[in-house]
Amino acid sequence: MHILRKDPGLPIDSFYEVRAGCTDVPETKFKIKAGKTLSVKRWRASFSPEGSLDIGKCLSRIYRGGIHPSIRGEVWEFLLGCYDPKSKFDEREQIRKRRREQYAELKDSCKRMFPVVGSGKFITARVITANGDPIKDPVVGTNPQKISTPQSQENVGSSPATVGPREQDKEIIQWKLALHQIGLDVVRTDRTLMFYEKQENLAKLWDVLAVYAWFDKDVGYGQGMSDLCSPMIMLLEDEADAFWCFERLMRRLRGNFRCTGNTVGVEAQLSNLAKVTQVVDPKLHQHLGMLRLLITEVVLIASYVSWLMIYFLFSCTNAEHLGGGGYLFAFRMLMVLFRREFSFGDSLHLWEMMWALEYDPQLFSLYEDEGGERHNVEKVKRKSKRQYGKYERANRRNRGSGAAQQLPISVFLVASVLEDRSDKLMREARGLDDVVKILNDSSGNMDAKKACTGAMKLQKKYLKRQNPGHTILGLNLPQLI
C-alpha cells in the first residue's frame, strides 16, 4: 500500500540570502509547493498567443500557494495595476518604454537639483536648512566621501557651515530636507540580506525613494516607505520598473503617510480597526478601550513601533487626540504592511495573497484615468467574476446593500491577529505596553496564510453583522431567528 505524504515544499532561502552572522533572523515558513504555488509554467500558460492574461486562473493559486520567487516581480506588476491583464505583449512593451522614459526625465530633474542622485552614492546627513541655506560637506554613501556639487552640504555637526546661495523654492527645500532621512533609512532597511551588502543596491533604493519624494510632492517621503520599496528593488532588475511598481503600491497606501495639522493619515485605519473589532469581538474592544496611553507607555511602545511611532505621533498630533488611540499598537502593522511581524520571505507571501484577494481588473484603467470612477457598472457586467479577487467579490456583493464603507484587507488582517490572541490579551493586558509585548513576542512566528484566512472570515462576519437584513424586492427585511 502506498502512503501519500504531504509535500514539505522547497525553502526559498537561496532567493533571499541572509548575511553571515545574522542569527536572529525569523525562519521563513513559506515554501514552494508543486501544484499549489504559481509556477513559471502555470504563469506562462495563462497568457494567450497575443499576450492577454487570464488572471482569474492565477488569483486562487496565488492565494493557496503564493508565487514562485523567480516570477514574483512580473506577477506583482499585474496585481498592483501596472498593466491591464487584457493588454497585448506589444502594448505592454510600449507602456514599459514610455514609463522608463518618464522615470529617466524625473530622475534627471532630481539630478539637476542635487547631483548625488544617480551617482551610485547617497547621503546620510542634512544638505539644506529649513530656511533654504545649503550646507557643505555631505556624508555620502557608507563612507564620508565628498562630492563636488553646485551646492555643498554638511557633515554631521552641531553648527553646520553653510555655503552658496539660499534656495527660494519651497518645494525644492522640502524635497532636499527629506534626502538625508531617506539615506538614514536606506542603510537600516533589510540589512540582514546579502542583497544590500552592495553599495549599488543601497544607492538604487535611495534614488527611487528620492525621485518618488519629488514625484508625489503632496506626500513626499515618510519613514516606512523604504520597507515598502525594498522588495521592488530586489525583484525588478530595471530601476524604472521598480519605481512604477512602488508607485502603484503607494496609490493604495499614500493616504497613511499624509500628515497635516492635527491629523495622521493612518489615523483613519486605526479608527476602522477599532470599528471592526467592536463588531466582531466587542469584549476585546471594550477591554482595549479601557487601556490608557500613559507617557511611560509611549516609551515602551516606541520600542515596538520604533521610529514610525515617534515620527508620526509626535510631529503630527498628540496621542490623546489620535483616532483609534486604543489601537496605537497596530500603527506599524498598517504603515508597512506587517514587514516587521513576518520574515522577509513571509511578508512578501502575505502581500501577494492580500493583493490577489483584493484584485480588481479595473485597477489599470483607474490609475491611468485619474478622473475615472473605480466602479463602472457597465464594465463590471462584461467582466467575469472570476477575474476579481475573493475579497473584492465579497465587497461587491455588499456594495449598495447598506453595508459600511469598503475597508482594505489589512484592517481585517490586524483584527485577525488580535482575535487569535484575544484570550491572552484579555487575561494579561493591563496597559498598552502589555499589548505591545504580547504582539512583539509573536513577531516572526505568525503564519501568513492563517492570518489571511482569518481576515476573510472576519470580513464575512463583519459584513453580516453590519447588514443583517435580507433584501427582497429592494426592501431590507430582518432575519428570522
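Computed from a predicted structure; not experimentally measured. (Residues numbered from 1 in each chain as written. Predicted model: local features only at pLDDT ≥ 70, side-chain atom pairs only at ≥ 80, totals over all residues. Heavy atoms only, no water.)

Asks: How should I be thinking about the overall build of the protein in this particular structure?
Replies: Helices and strands together make up the secondary structure of the protein, namely 20 helices and four strands. In the protein, the share of contacts with a sequence separation of at least 24, taken over all contacts with a separation of at least 6, comes to 73%. With the model as given, the accessible surface of the protein reaches about 23000 Å², and the carbon-plus-sulfur share is 51%. (Helix = DSSP H or I, 4+ residues; strand = E, 2+ residues; numbered from the N terminus. Contact = heavy atoms within 4.5 Å. Areas by Shrake-Rupley, 256 points an atom, 1.4 Å probe, with all protein chains shown as cover.)

Asks: Can you help me understand the pattern of salt bridges in this one?
Replies: In a structure, side chains of opposite charge can pair up when their charged atoms sit close to one another. According to the stated counting rule, one finds 29 salt bridges in the structure shown. Notably, a salt bridge pairs Asp 207 with Lys 107, separated by 3.5 Å at the nearest N-O pair. Within this pair, whereas Asp 207 is found in helix α6 (residues 199-215), its partner Lys 107 is found in helix α4 (residues 89-113), the two being separated by 100 residues in sequence. You can call Asp 207 buried: its relative accessible area is 4%. Put simply, Glu 392 and Arg 396 hold a salt bridge, and the shortest N to O gap is 3.3 Å. A residue pair is termed a helical-turn pair when its members lie 3 or 4 positions apart in one helix, as Glu 392 and Arg 396 do in helix α16 (residues 390-398) at four residues. (Salt bridge = Lys/Arg side-chain N within 4 Å of Asp/Glu carboxyl O. Buried < 20%, exposed > 50% of the residue type's maximum accessible area, 1.4 Å probe, protein only.)

Asks: Mind showing me how you'd approach unusual backbone geometry here?
Replies: A negative phi angle characterises most non-glycine residues, just as the trans form characterises most peptide bonds. If you check the backbone angles, Asp 190 has positive phi at about 50° while not being a glycine. Mapped onto the elements of the fold, Asp 190 is located in the loop between α5 (170-186) and α6. Located in the positive-phi region is Leu 337, a residue other than glycine, with phi close to 50°. Mapped onto the fold, Leu 337 is located in the loop between α12 (331-335) and α13 (344-358). On the basis of relative accessible area, Leu 337 is assigned to the buried category, the value being 3%.

Asks: Where do I start with the packing of aromatic side chains in this structure?
Replies: Each aromatic ring pair is summarised here by two numbers: the centre-to-centre distance and the angle between the ring planes. This model, assessed by the stated rule, comprises 22 aromatic pairs. An aromatic cluster of at least three residues, connected via ring pairs, comprises Tyr 103, Tyr 212, Phe 215, Phe 243, Trp 244 and Phe 246. In this structure, Arg 99 is placed above the aromatic ring of Tyr 83, and the distance from its NZ or CZ to the ring centre is 5.2 Å. The ring of Tyr 63 carries Lys 449 above its face, with NZ or CZ at 5.0 Å from the centroid. (Phe/Tyr/Trp six-rings, centres within 6.5 Å; stacked < 30°, edge-to-face > 60°. Lys NZ or Arg CZ within 6 Å of the ring centre and 35° of its normal.)

Asks: Explanation requested: the side chain of His 68 in the structure shown.
Replies: Structurally, His 68 is set in the loop between α2 (56-65) and α3 (72-79). Exposure remark for His 68: the relative accessible area of 18% places this residue in the buried category. At 2.8 Å, the side chain of His 68 forms a polar contact with the side chain of Ser 70. Once you skip the residues sitting within four places of it in the chain, His 68 turns out to touch Phe 15, Ile 32, Thr 37, Leu 38 and Ser 39. (Polar contact = N/O pair within 3.5 Å; in protein donor to acceptor, adjacent residues only side chain to side chain.)

Asks: Would you explain empty space enclosed by the protein in this entry?
Replies: Where empty space is left becomes clear once a probe the size of a water molecule has been rolled over the atoms. Counted by the stated rule, this structure contains two cavities of 30 Å³ or more. Its volume calculated, the largest cavity comes out at about 50 Å³. In this structure, the largest cavity is lined by Glu 77, Cys 82, Tyr 83, Arg 96, Arg 99, Ala 240, Asp 241, Trp 244 and Cys 245. Elements with a contribution of two residues or more to the lining of the largest cavity: α4 and α8 (239-253). With four residues, the top contributor of residues to the lining of the largest cavity is α8. (1 Å grid on protein atoms, 1.4 Å probe; cavity = no way out; pocket = protein on both sides within 12 Å on 5 of 7 lines; lining within 4 Å. Points joined across faces, edges and corners; volume = space filled by probe spheres on them.)

Asks: Whenever I open this one, the packing of α6 against helix α7 (residues 225-235) confuses me. Can you help?
Replies: How two helices sit against one another is set out by the angle between their axes and by the gap between those axes. Relative to each other, α6 and α7 sit at 120°, their axes nearing to 10 Å. Judged by the inter-axis angle, α6 sits oblique to α7. The handedness of the crossing between α6 and α7 comes out as right-handed. Of the residues in α7, those touching α6 at Asn 201, Lys 204, Leu 205, Val 208, Leu 209 and Tyr 212 are Met 225, Ser 226, Cys 229, Ser 230 and Ile 233. Its residues assigned to classes, the contact of α6 with α7 comprises seven nonpolar, three polar and one charged. (Axes fitted to C-alpha atoms, helices over the stretch in contact; angles between N-to-C directions. Parallel < 35°, antiparallel > 145°, perpendicular 65-115°, else oblique. Left-handed = near helix turned anticlockwise from the far one by under 90°. Nonpolar A, V, L, I, M, F, W, Y, C, P; charged D, E, K, R; others polar.)

Asks: I tried to follow α5 on my own but got confused; where do I start?
Replies: Because each turn of an α-helix spans 3.6 residues, side chains separated by three or four positions end up pointing in the same direction. Between its first and last C-alpha, α5 extends 25 Å over 17 residues, near the 24 Å set by a 1.5 Å rise per residue. Of all 17 residues that make up α5, 12 are buried, and the element is covered over most of its length. Buried residues in α5 make contact with α4, α6 and α7. Capping the start of α5, Asp 169 holds a side-chain oxygen 2.8 Å from the backbone nitrogen of Glu 171, two or three residues further along. (Expected span 1.5 Å × (residues − 1).)

Asks: Which parts of the structure should I look at to understand the nonpolar core?
Replies: Where a protein is soluble and globular, its nonpolar side chains tend to be buried together. If you look at the biggest cluster of nonpolar residues, it comprises 136 residues, and the most contacted ones within it are Trp 76, Trp 175, Trp 206, Phe 246 and Phe 329. Here the element with the most residues in this core is α6; it accounts for 11 residues. With sequence-adjacent residues up to four places away left out, Phe 246 is seen in contact with Val 208, Leu 209, Tyr 212, Met 225, Leu 228, Cys 229 and Met 232. (Core = buried A, V, L, I, M, F, W, Y, C linked by side-chain atoms within 4.5 Å.)

Asks: Would you mind showing me how to read the confidence of the model for the protein here?
Replies: On average, residues of the protein score 82 in pLDDT, and 78% of them reach the 70 mark or higher. Predicted confidence in the protein is weakest over strand β4 (residues 475-477), with a mean pLDDT of 37, and strongest over α3, with 98. Low pLDDT, under 50, characterises residues 142-160; the predicted model gives this stretch 45 contacts beyond four residues in sequence or across chains. Note that pLDDT drops below 50 for residues 470-481; the model gives that stretch 11 contacts with residues more than four away or on any other chain. (pLDDT = per-residue confidence, 0-100.)

Asks: Is there a simple way to explain the packing of α13 against α16 in this structure?
Replies: Their axes nearest at 4 Å, the elements α13 and α16 cross at an angle of 35°. Together, Ala 356, Leu 357 and Glu 358 of α13 and Lys 390, Tyr 391 and Glu 392 of α16 make up the contact between the two elements. By residue class, the composition of the contact of α13 with α16 is three nonpolar, no polar and three charged.

Asks: I keep staring at the environment of Leu 179 and nothing clicks. Help me out?
Replies: Assignment of secondary structure puts Leu 179 in helix α5. Taking C-alpha positions, Leu 179 is 8.6 Å from Tyr 221, a pair spaced 42 residues apart along the chain. Leave out the neighbours within four places in its chain, and Leu 179 touches Phe 114, Ile 123, Trp 206 and Ala 210.

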